[in-house]
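Remarks on the overall topology
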Amino acid sequence: MLRLIDTHCHLDFAAFNADRDRVLEECIYNGVVDIVVPAVTQASWQQTIDLCCYDSKAKNGQPNLYLALGLHPIFIEQHQPQHLLELDQLVTKLKPKAIGEIGLDFYLRELDQDKQQAFFDKQLIIAKQHRLPAIIHVRKAHDQCVLALNDVKLRGGIIHNFNGSIQHAFKYIDLGFKLGFGGMVTFDRSSKLKKLVEQIPLDSIVLETDAPDLSPERHRGERNSPEYLPLVLDAVAKIKQIPREVVAETTTANARDVLNLPS
Ligand SMILES: [Zn+2]
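The residue numbers shown here count from 1 along each chain, following its written sequence. With pLDDT at 70 or above as the cut-off, local features in this predicted model cover only qualifying residues; side-chain atom pairs require 80 or more to be listed or tallied, and sums for whole chains, interfaces and linings still use all residues. For side-chain calculations, the full set of non-hydrogen atoms in the structure is used, while hydrogens and water are omitted.

Overview of the overall build of the chain
From N to C terminus, the chain includes 9 helices and 8 strands. Taken over C-alpha atoms, the radius of gyration is set against a globule rule of 2.2 Å times the number of residues to the power 0.38. Here the C-alpha radius of gyration of the chain, 17 Å, is about what a compact globule of 263 residues would show, namely 18 Å. Its C-alpha atoms give the chain principal-axis dimensions of about 45 × 45 × 35 Å. Looking at the 263 residues of the chain, the share that counts as buried comes to 58%. In the chain, the 30 positive side-chain charges and the 34 negative ones have mean positions that sit 4 Å from each other. Each helix corresponds to a stretch of at least 4 residues labelled H or I by DSSP, and each strand to a stretch of at least 2 residues labelled E; elements are numbered beginning at the N terminus. Remark: exposure states derive from per-residue accessible area (1.4 Å probe, protein chains only) relative to the maximum for the residue type, with buried under 20%, exposed over 50%, and partly exposed in between. The convention is simple: Lys and Arg are positive, Asp and Glu are negative, and His and the chain ends are not counted. We put the charge of a Lys on NZ, of an Arg on CZ, of an Asp on CG and of a Glu on CD.

Given below as structure tokens:
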């Protein structure tokens with residue numbers, strides 16, 4: 001029986017309101033036993049907290065839901081300095097598994113880069129102070145991200161949906177990070193990404209869906225779902241030519257290790 005961890009799923013988003021329980025039951029059927037749910041804005045923290053800390057407690061036959069708390073760079077316009085103080089207080093109170101989703105997105109040109117960098121740096125310090133790993137979103141800003149991590153030196157974390165260079169991958173690995181791969185690796189045309197998966201040691205890889213976004217090829221154009229995580233597993237196993245049971249066991253151990261999840 002497979003035991004998989006979806007290390008990045010926005011299960012709190014409204015896209016799951018109509019059928020969240022069915023999705024979660026399907027996850028267990030597909031071997032997805034743990035799901036990490038990273039929050040994205042102060043305004044939506046409570047919904048993420050309710051889902052991970054309260055709703056899931058009583059339900060049998062569903063995966064464990066683990067909370068990460070942070071301010072996502074894509075929503076940079078909404079973030080206020082006050083939210084950082086609130087984040088620090090909530091982390092003390094709720095002890096999430098990670099600070100996330102945080103990061104730098106320099107791909108979307110309309111997002112204020114200086115403000116992103118300031119919020120990223122401050123959230124890394126919060127992670128450091130609470131001895132928590134970080135779940136990081138990075139696009140077109142790997143040099144800046146590596147510099148920031150070099151300054152703060154966390155106990156590690158996950159670079160989610162990694163799509164940088166192999167040189168950046170090894171810098172992150174040296175800093176104690178795992179690289180997250182999701183639905184994009186299932187596409188035939190993702191040759192650069194497949195090459196990365198081939199070159200990065202299995203010990204440094206974790207699986208994720210990033211649902212409701214980034215659906216695997218078989219569900220292209222549909223809402224993505226954590227129940228599809230085995231498709232990512234199969235793609236990684238095929239690229240690396242390693243049995244899927246070994247990929248499952250190793251990536252699950254990697255995720256437990258870096259996020260300090262109970263086994
Ligand atoms: Zn995300």
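From this point, things continue past the structure.
Section: the nonpolar core
Grouped together as the largest cluster of nonpolar side chains are 75 residues, with contacts concentrated most on Leu 11, Leu 124, Ile 136 and Tyr 172. The dominant element in this core, judged by the number of residues it contributes, is helix H8 (residues 229-240), at 7 residues. Listed in part, the 12 residues of the second largest apolar core include Ile 5, Tyr 66, Val 206 and Val 258. The criterion is simple. A nonpolar core is a set of buried Ala, Val, Leu, Ile, Met, Phe, Trp, Tyr and Cys residues joined through side-chain atoms within 4.5 Å.

Let's talk about the coordination of the zinc ion
Metal coordination here is assigned from N, O and S atoms located within 2.8 Å of the ion, or within 3.2 Å for Na, K and Ca; omission of water means that sites may look incomplete. Every protein donor of the zinc ion is accounted for by His 8 (NE2), His 10 (NE2), Glu 101 (OE) and Asp 210 (OD), and the metal-donor separations fall at 2.1 to 2.7 Å. In these descriptions, tetrahedral denotes four donors with every angle between 85 and 135 degrees, square planar four donors and octahedral six donors with opposite donors over 155 degrees apart and the rest between 65 and 115, and irregular any other case. Considering all 4 donor atoms around the zinc ion, angles at the metal cover 84 to 169° and the coordination shape is irregular. Binding-site remark: the zinc ion is held by donors from one chain whose sequence spacing is H-x1-H-x90-E-x108-D. One end of the pair, His 8, is in the loop between strand E1 (4-6) and helix H1 (20-29); the other, Asp 210, is in the loop between strand E8 (205-207) and H8, and 202 residues separate them in sequence.

Quick look at unusual backbone geometry
Each neighbour pair has its own omega, and for Gly 100 with Glu 101 the value is 15°, a cis peptide bond. If you trace the backbone, Glu 101 turns up in strand E4 (residues 98-105). Of the consecutive residues Ala 211 and Pro 212, the connecting peptide bond is found in the cis state with omega at 10°. Along the chain, Pro 212 falls in the loop between E8 and H8.

Description of helix H6 (residues 166-174)
Buried residues of H6: Ile 166, His 168, Ala 169 and Tyr 172, and no others. An end-on view of H6 places all buried positions within 155° of arc, on one side of the element. In H6, the exposed positions that point more than 90 degrees away from the buried face belong to Gln 167 and Asp 174. Contact definition: two residues touch when any of their heavy atoms are within 4.5 Å. Tucked into the core, H6 has its buried residues touching strand E5 (134-139), helix H5 (142-152), strand E6 (157-160), strand E7 (177-181) and helix H7 (191-199). Immediately downstream of H6, the backbone of Gly 176 shows phi near 90°, a positive value. By arc we mean the arc of the directions from the helix axis to the C-beta atoms, nothing more.

Details of the environment of Thr 250
Mapped onto the elements, Thr 250 comes out in helix H9 (residues 244-259). Since its relative accessible area comes to 17%, Thr 250 is described here as buried. Taking the C-alpha atoms as reference points, Thr 250 and Val 206, 44 residues apart in sequence, are found 8.5 Å from one another. Dropping the residues within four chain positions of it, Thr 250 is found in contact with Leu 202 and Asp 203.

Some points on the pairing of strand E3 (residues 64-69)
Within E3, 5 of the 6 residues are buried, which leaves it mostly tucked inside the rest of the structure. Two strands qualify as a pair provided that DSSP identifies no fewer than 2 bridges between them. Pairing geometry for strand E2 (residues 32-38) and E3, over 5 bridges, is parallel. Bridge pairing in E3 places Val 36 opposite Tyr 66. Of the strand pairs in this sheet, E3 and E4 are connected by 2 bridges, and their pairing is parallel. Opposite Ala 68, over in E4, you have Ala 98 as the bridge partner.

Observations concerning the side chain of Glu 101
In what follows, salt bridge is the name for a side-chain nitrogen of Lys or Arg lying within 4 Å of a carboxyl oxygen of Asp or Glu. Arg 139 provides the closest opposite charge to the buried, salt-bridge-free Glu 101, at an N-O distance of 8.8 Å. Contact partners of Glu 101, with chain neighbours within four places excluded, come to His 8, His 10, Pro 38, Ala 39, Val 40, Gly 70, Leu 71, His 72, Pro 73, Ile 135, His 137 and His 160.

Focus on the sheet that holds E7
Two strands in a sheet stick together by hydrogen bonds in their backbones, pointing the same way (parallel) or opposite ways (antiparallel). An order of E1-E2-E3-E4-E5-E6-E7-E8 is seen for the 8 strands of this open sheet, with the pairing classed as parallel. Either end of the sheet is taken by a strand with one partner, and the two such strands are E1 and E8. Ignoring which end each strand starts from, the neighbouring axes of this sheet average 30° apart. Here 5 bridges tie E4 to E5, and the two strands are oriented parallel to one another. Looking at E5, one finds that Leu 104 is bridged to Val 138. The strands touched by helix H4 (residues 113-129) within the sheet are E4 and E5, with E4 carrying the most contacts at an inclination of about 155°. Only the stretch in contact is used when fitting a helix axis, every axis being a line fitted to C-alpha atoms; angles between N-to-C directions are given from 0 to 180 degrees.

So, the side chain of Asp 34
Tracing the backbone shows Asp 34 in strand E2. Pairing of N or O atoms within 3.5 Å defines a polar contact, subject to two protein rules: one partner must be a possible hydrogen donor and the other a possible acceptor, and residues neighboring in sequence count only if both atoms are side-chain atoms. In terms of polar contacts, Asp 34 uses its side chain to reach the side chain of Asn 64, at 2.8 Å. Each residue touching Asp 34, except ones within four places of it in the same chain, is listed here: Leu 4, Ile 5, Asp 6, Pro 63, Asn 64, Tyr 66 and Arg 256.

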